[in-house]
Amino acid sequence: MKVTDSNVIRFHLQVLHEITVKSLVKKKERLSVSGAKIFGVPLENLPRQYIPEFGLVPCFLVNACSFLLERAGTVGLFRKPGSLPRIKTLRAKLNRGEGCLITSFPNDISTLIKQFCRELPEPLFPPELHAALLQAQALSSLQDRTSALQLLSCLLPARNASCLNYLFDFLSKVSQRCTENLMTSLNIATVFAPCLLTPPNKAEMSERRLELRVLVLRTFIENPHLFGVIPKAVMDSMDFLINFHPLKDAKRGCRKGHSFKGMWSVKTVPWIHGRSKGRPPIPERSPESTPGDKVPLRRSLGLETFPNVLLFRTCMPFAEQGFSPVGKEACKTPQERPARALRLGHFQTFPRGRDADGSPVHTGVGKVQFTPWKRRISL
């Protein structure tokens, strides 16, 4: 994604769903250390495999999921724990780089996958997104819930998003064989909630909050194809906002850095205006307007700040502009205005001399006559 996309996604979440997302804390870059250890190691230090549909995914996760996919009909998969002694032995072999998955039991491998997700130094779902995910799941409309969760999944770091997308796609295939393994999407989400969305404190362990965490994972398991995908309607308005540069158009010579924080009141995006939660704005009317006048369009480029607009309107013929003049001229009748224009158009005032105090004295009217080689004024 582009750098500005995260700001635009936050903008849409705030305007459409009233969800405020905290900025993700920038982690200190770690040096990539090659090694065979798997559990408790950051994603960037794990050996990863590129999968065209998902991106870079840890090799352990790819091998373990591929192994379990052939045995997805196992009853109680991910629900029934494996043997602790066997799991301990498998962990030691995997941390030494030994391949031992082929000869293992399905329940042991499923337990290792849960431990792998739970023991990551940085959770796959950053803690900054937990509150926003629960708020999105609590929305009343199904369409709003899905759209908000899609947008939130687009805020994940690339390595987290690739890993989660691959995992949800695999869990979706496992849930499709629920008639054999008795593990529906809800059951799988319940099992993985402590691993992917761990409550940070006791206040978050209420029954309602835990239920929302399960439902978030259930949505992603049932719709893995929507994970990390921006809705089309939001994408259209995002293109508009990214290409919207009113300051650059108004001031060519001065490029000021402006963010989307100052654009919360933008009403020019049709889809956003139709879905806004607040009351529609009352159009502003001038004191001279009447109820029968047409409501003027809202101007978002600041045309009212140009000082010569009123001067231009007074100089232009009123019939061409389509509105009546303002001020004293509006009080005159149509018969008086042409007569006044006629009187002032054919006669001019000229200085006759100077007063006692030195100020020029003007005549009331004066006709101008032209003769060859000189101009004569007749009073």
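Per chain, the residues get numbers from 1 upward, laid out in the order the sequence is written. Under the rules for a predicted model, residues below a pLDDT of 70 receive no local features and side-chain atom pairs below 80 are neither given nor counted, while totals for whole chains, interfaces and linings still include all residues. Side-chain calculation: all heavy atoms of the structure are included, whereas hydrogens and water are not.

Note on geometry: axes are lines fitted to C-alpha atoms, helical ones only across the stretch in contact, with angles between N-to-C directions running from 0 to 180 degrees. Each helix is a run of DSSP H or I of at least 4 residues and each strand a run of E of at least 2, with the numbering of both proceeding from the N terminus. Close contact between helix 4 (residues 106-118) and helix 9 (residues 185-196) brings their axes to 8 Å; oriented N to C, the two are set at 35°. From helix 4, I113, K114, C117 and R118 reach across to helix 9, where they touch V191, F192, C195 and L196. Under the scheme applied, nonpolar residues are Ala, Val, Leu, Ile, Met, Phe, Trp, Tyr, Cys and Pro; charged residues are Asp, Glu, Lys and Arg; polar residues are all the others, including Gly. In terms of residue class, the contact of helix 4 with helix 9 is made up of 6 nonpolar, no polar and 2 charged. Two residues form a contact once any of their heavy atoms are found within 4.5 Å.

Bringing the packing of helix 2 (residues 59-69) against helix 4 into the picture now. One can describe the packing of helix 2 onto helix 4 by two numbers: an axis separation of 10 Å at closest approach and a directional angle of 150°. Helix-helix and strand crossings are classified by hand; for helix 2 and helix 4 the assignment is left-handed. In this structure, helix 2 contributes F60, L61, A64, C65, F67 and L68 to the contact, and helix 4 contributes P106, I109, S110, L112, I113 and F116. A per-class count over the contact of helix 2 with helix 4 returns 11 nonpolar, 1 polar and no charged. Note: crossing handedness is left-handed where the near helix turns anticlockwise from the far helix by less than a right angle, and right-handed where it turns clockwise.

Our next topic: helix 10 (residues 207-222). A helix's residues, less one, multiplied by 1.5 Å, set its expected span. The terminal C-alpha atoms of helix 10, which comprises 16 residues, lie 22 Å apart, in line with the 22 Å expected from a rise of 1.5 Å per residue. Throughout, exposure labels follow a simple rule: accessible area from a 1.4 Å probe, protein chains only, divided by the maximum for the residue type, with under 20% read as buried, over 50% as exposed, and the rest as partly exposed. Turning to helix 10, its buried residues number three or more, namely L212, R213, V214, V216, L217, T219, F220 and I221.

Aromatic contacts are taken between Phe, Tyr and Trp rings whose centres are within 6.5 Å, Trp giving its six-membered ring; a plane angle under 30 degrees counts as stacked, one over 60 as edge-to-face, and the others as tilted. One pass over the full model with this rule turns up 11 aromatic pairs. An angle of 90° between the planes, with centres 5.5 Å apart, marks the rings of F54 and Y166 as edge-to-face. Of the two residues, F54 is situated in the loop between strand 1 (48-51) and strand 2 (55-58) and Y166 in helix 7 (residues 158-175); the sequence distance between them amounts to 112 residues. With relative accessibility at 12%, the residue F54 sits in the buried group.

Here, a salt bridge means any Lys or Arg side-chain nitrogen found within 4 Å of an Asp or Glu carboxyl oxygen. A complete count under the given rule lists 9 salt bridges for this structure. The partner of R96 in a salt bridge is E98, with the nearest N and O atoms 3.1 Å apart. Taking the relative accessible area as the measure of exposure, R96 reaches 54% and is therefore exposed.

Glancing now at empty space enclosed by the protein. Computed over the protein atoms alone on a 1 Å grid, cavities are sets of points where a 1.4 Å probe fits but cannot get out and pockets are open sets with protein on both sides within 12 Å along at least five of seven lines; a residue lines them when it has an atom within 4 Å of a point. Grid points are joined across faces, edges and corners, and a volume is the space filled by probe spheres set on the points. Throughout the structure, instances matching the rule amount to 2 cavities of 30 Å³ or more. The volume enclosed by the largest cavity comes to roughly 60 Å³. Lining the largest cavity, in full, are V41, P42, L43, E44, L120, P121, E122, R159 and N160. Taken together, the residues of the lining of the largest cavity break down into 5 nonpolar, 1 polar and 3 charged. The volume enclosed by the second largest cavity comes to roughly 30 Å³. Considering the residues around the second largest cavity, the lining is formed by T146, L149, Q150, T219, F220 and N223.

Before going further, it helps to examine the pairing of strand 2. At least two DSSP bridges between two strands are required for those strands to pair. Both strand 1 and strand 2 contribute to a ladder of 4 bridges, which runs antiparallel. Residue pairing across strands places I51 opposite G55, the latter belonging to strand 2.

The pLDDT value tells you how sure the predictor is about a given residue, anywhere from 0 up to 100. Of the residues in the chain, 59% have a pLDDT of 70 or more, and the chain-wide mean is 74. Contacts of residues 362-371 to residues separated by more than four positions or lying in other chains number 22 contacts, the stretch itself having pLDDT below 50. Counting contacts from residues 373-379, a segment whose pLDDT is below 50, to residues more than four positions away or on other chains yields 9 contacts.

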